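# Structural characterization, general
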Amino acid sequence: NILTICLGVSVGATANAEKSTEEADEAMEDSTDEALEENSEKKLSKQALKDLQIIYDAAIDNKSFSKIKSKFEYKDCNLEKLEKSYNEFKNDLSKNNILTKIDFNEAVVGSIYTTEDKILNVSVTAKSKYTVKYEENGKKKKHSDKASDYVTLYYKIIDNEYKLVDVKYLETYFSRY
């Protein structure tokens, strides 16, 4: 038996002919749920990494939302919440320790739930390497380090793809120590 779901994930399971139909159905359900969960989390993690990189790179370069909007658009989309969140984030990005570079290397999905309006609320731990520049005693300095931060991304599923519609809890302070 093969099950294909709306996310484009095909899941298969085999059943032992010696097992009862009920046992076979349970085995199929369990393996399908596990494979679905694993494939969905991998796809979400990959999408989260991509979206976070776009947002942070644009904010570092002080780009307006209109310059990155096309990366998130889809038919009949409403990106007002995402635009507001991005603009607030860009304005709040630390002015003391100026972020000059960030590379996201891992996004671990912590929880996923669906809101009443069918938006996926995805909490992830985003791991990155970053560089900040700052001034100390009149001297310009740089510091690079690793970070691990929690972020919440909100997705719609459109044409079997995760489309970002909002983001919360983006980290704006990066330590120079």
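Structural data are supplied above this passage.
Described below are features of the structure shown in this document. (Residues numbered from 1 in each chain as written. Predicted model: local features only at pLDDT ≥ 70, side-chain atom pairs only at ≥ 80, totals over all residues. Heavy atoms only, no water.)

On to a positive patch on the surface. On the surface, Lys46, Lys50, Lys63, Lys67 and Lys71 cluster together into a positively charged patch. Turning to its location among the elements, Lys63 is positioned in the loop between helix H1 (21–60) and helix H2 (65–68). (Patch = residues over 30% accessible without salt bridge, like charges linked within 9 Å, V, L, I, M, F, W, Y side chains within 5 Å. Areas by Shrake-Rupley, 256 points an atom, 1.4 Å probe, with all protein chains shown as cover. Salt bridge = Lys/Arg side-chain N within 4 Å of Asp/Glu carboxyl O. Lys, Arg positive; Asp, Glu negative; His and termini not counted. Charge placed at Lys NZ, Arg CZ, Asp CG, Glu CD. Helix = DSSP H or I, 4+ residues; strand = E, 2+ residues; numbered from the N terminus.)

By definition, the strands of a sheet pair up through backbone hydrogen bonds, in either a parallel or an antiparallel sense. Strand order across the open sheet formed by four strands is E3-E4-E5-E6, with antiparallel pairing between neighbours. If you trace the sheet from one side to the other, it starts and ends with strand E3 (98–114) and strand E6 (161–168), each paired once. On average, each strand axis in the sheet is tilted by 30 degrees relative to the strand beside it, whichever way the strands run. As defined by bridge partners, strand E5 (residues 139–158) adjoins E6 across seven bridges and the pair is classed as antiparallel. By the bridge assignment for E6, Lys156 is matched with Lys163. (Pairing = 2+ DSSP bridges. Axes fitted to C-alpha atoms, helices over the stretch in contact; angles between N-to-C directions.)

Here the largest pocket is characterised by a volume of approximately 270 Å³. As for the largest pocket, its lining consists of Tyr74, Asn78, Leu79, Glu80, Lys81, Thr115, Asp117, Ile119, Tyr154, Lys156, Val165 and Asp166. Of all the secondary-structure elements, those providing two or more residues to the lining of the largest pocket are helix H3 (80–92), E5 and E6. Of the residues contributing to the lining of the largest pocket, the split by class is five nonpolar, two polar and five charged. Every residue lining the second largest pocket is listed: Ala59, Ile60, Asn62, Lys90, Asn91, Leu93, Ser94, Lys95, Ile98 and Leu99. For the lining of the second largest pocket, the class distribution of residues is five nonpolar, three polar and two charged. (1 Å grid on protein atoms, 1.4 Å probe; cavity = no way out; pocket = protein on both sides within 12 Å on 5 of 7 lines; lining within 4 Å. Points joined across faces, edges and corners; volume = space filled by probe spheres on them. Nonpolar A, V, L, I, M, F, W, Y, C, P; charged D, E, K, R; others polar.)

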